[in-house]
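# Per-entry structural report
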Amino acid sequence: MFSWDAFVKTLAQTPIEFERLKAIQLAQAILESGRGLSDLYKLHANPYGMKYRPEMAQIATPVEYTASDGTDIYCKFANLENTVKGYWVFIERPPYQGWRQNNSTPEAFIRFIAYAGYIGGPFDGSEKDKAIKEEYIAKVLRLVPEARQLLEKYRIWRAKGVMLEVGHGQGDPGVPGVNGISEYDLNFIAARAAKATIDAAGVPCVITDAAGSLYNIGKLAAGHDVFCSIHHNSATSSAQGAEVLVHRTKTDPADLRLSAIMSAEIAKELGIRDRIAGGRDPRQSLAILSGAEDTDVRVSVLALLYFISVRVPNARDWSQRGGQAVGRAILKWLRETAG
Ligand SMILES: [Zn+2]
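Residues numbered from 1 in each chain as written. Predicted model: local features only at pLDDT ≥ 70, side-chain atom pairs only at ≥ 80, totals over all residues. Heavy atoms only, no water.

All told, the structure shown has 24 salt bridges when counted by the stated rule. Between E17 and R100 there is a salt bridge, with the nearest N and O atoms lying 2.8 Å from each other. Placement of E17 in the loop between α1 (4-13) and α2 (22-33) and of R100 in the loop between α4 (80-91) and α5 (106-118) is noted, with a sequence separation of 83 residues between them. Overall, the relative accessible area of 48% leaves E17 in the partly exposed class. Here the residues in one salt-bridge network are E265, E269, D317, R321 and R328, joined through shared partners. (Salt bridge = Lys/Arg side-chain N within 4 Å of Asp/Glu carboxyl O. Helix = DSSP H or I, 4+ residues; strand = E, 2+ residues; numbered from the N terminus. Buried < 20%, exposed > 50% of the residue type's maximum accessible area, 1.4 Å probe, protein only.)

Shown next, in the form of structure tokens:
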């Protein structure tokens with residue numbers, strides 16, 4: 001038996017392509033399943049009344065089910081993550097072609113799919129059909145505030161979200177690289193890429209760009225779930241590697257966990273050594289992290305994406321991908337620690 005609460009939680013914590021459409025995706029489920037009370041939901045994890053179509057074979061199995069409008073073949077999902085993703089597989093089908101260009105707001109999206117045939121088949125041009133579609137749109141839109149409230153309960157961040165700091169800048173370019181770009185410029189590319197990844201998951205994320213002393217930048221992070229200062233490493237060695245540091249004395253297991261996740265994610269993305277997994281102690285004396293740890297930030301780390309003293313094929317591309325890995329690691333940690 002699938003519980004309604006479990007569906008709300010899974011929807012809240014599963015990334016989808018357009019996070020702004022999550023509330024409407026939930027509003028439809030509220031309407032179609034009566035807040036999880038339909039047997040189609042409880043037994044088959046289908047809160048949408050989604051009928052089975054050949055394209056659904058990749059994520060669902062067919063099941064015969066009798067609804068108020070008779071017996072038909074519906075989608076059955078093995079788990080609720082498949083339910084969340086399966087909805088978008090359903091929308092990806094030919095009848096809804098063009099939905100990506102028509103989803104700037106929840107209302108634009110529901111209007112587009114309703115007229116494309118989500119309710120009562122494709123629009124036939126009649127006043128009667130128009131009334132059916134408008135009634136459905138209005139019903140779903142009325143449920144959006146309730147959906148937003150439910151999603152809020154299971155959001156993966158608890159405080160103000162994520163603060164990223166671009167290492168160096170304003171007269172301090174950072175370590176010199178052999179790749180022809182300053183560390184600051186690469187840090188900036190990486191921070192923007194990390195922010196885009198985090199934004200796409202609907203988690204609030206701000207970038208701060210070197211204002212004042214390291215300690216004060218750390219203090220700025222007050223009230224955030226995660227503080228991450230973004231840098232690139234430098235050494236005379238020719239070995240390439242990723243590394244994520246935490247404060248030497250003020251670190252708790254959560255900081256260590258994020259540093260391990262992030263170091264592994266960057267190393268995997270760039271195909272380089274994970275220096276933490278290799279045994280390097282991430283605990284270092286760092287003024288910037290001391291400032292963050294002195295406040296109520298849940299975790300703070302300093303990411304050293306790779307060595308810019310070692311030539312890489314395309315430094316901008318590496319920093320962008322490294323930044324995306326930083327963003328993914330932060331999201332993974334937030335999901336892991338969400339209640
Ligand atoms: Zn640096």
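Next comes the rest of the write-up.
One finds F7, L26, M56, Y87, I91, F109 and Y118 to be the most contacted residues of the largest nonpolar core, which totals 48 residues. Residue assignment for this core shows that the elements contributing at least two residues are α1, α2, α4, α5, α6 (127-142) and α7 (144-153). When residues no more than four places from it in sequence are discounted, the contact partners of F7 are L26, A29, Y41, P47, Y48, L80, T83 and V84. (Core = buried A, V, L, I, M, F, W, Y, C linked by side-chain atoms within 4.5 Å. Contact = heavy atoms within 4.5 Å.)

According to the domain assignment, the protein contains domain 1 (4-153) and domain 2 (162-337). Taking only C-alpha atoms into account, the centre of domain 1 sits 39 Å from that of domain 2. Between domain 1 and domain 2, the contact holds four residues from the first and four residues from the second. For the pairing of domain 1 and domain 2, the buried interface totals around 300 Å² over both sides, and the portion due to carbon and sulfur atoms is 46%. (Domains from an automatic or database assignment. Buried area = accessible area lost by both parts, 1.4 Å probe.)

Okay, the side chain of H247 next. When you line up the elements, H247 lands in strand β6 (residues 241-247). Taking relative accessible area as the criterion, H247 reaches 8% and is therefore assigned buried. Side-chain polar atoms of H247 contact the backbone nitrogen of T249, separated by 3.2 Å. If we skip the residues at most four places from it in the chain, H247 touches R283, Q284, L286, L289, S290 and E293. (Polar contact = N/O pair within 3.5 Å; in protein donor to acceptor, adjacent residues only side chain to side chain.)

Let us now look at the packing of aromatic side chains. Per the stated rule, a full pass over the model turns up 19 aromatic pairs. Relative to Y87, the ring of Y48 lies with its centre 4.7 Å away and its plane at 40°, an arrangement referred to as tilted. Of this pair, Y48 sits in the loop between α3 (39-44) and β1 (61-67) while Y87 sits in helix α4; the two residues are 39 residues apart in sequence, bridging distant segments of the chain. Ring centres of F90 and Y118 lie 6.2 Å apart, and the angle between their planes is 80°; on these two criteria the pair is classed as edge-to-face. Here F90, found in helix α4, pairs with Y118, found in helix α5; they are 28 residues apart in sequence, far enough to count as distant. Grouping residues by exposure puts F90 and Y118 together as buried. Grouping aromatic residues by their ring pairs yields a cluster made of F2, W4, F7, F18, Y41, Y48, Y87, W88, W99 and F109. Over the aromatic face of F90 sits the side chain of R93, whose NZ or CZ is 4.4 Å from the ring centroid. (Phe/Tyr/Trp six-rings, centres within 6.5 Å; stacked < 30°, edge-to-face > 60°. Lys NZ or Arg CZ within 6 Å of the ring centre and 35° of its normal.)

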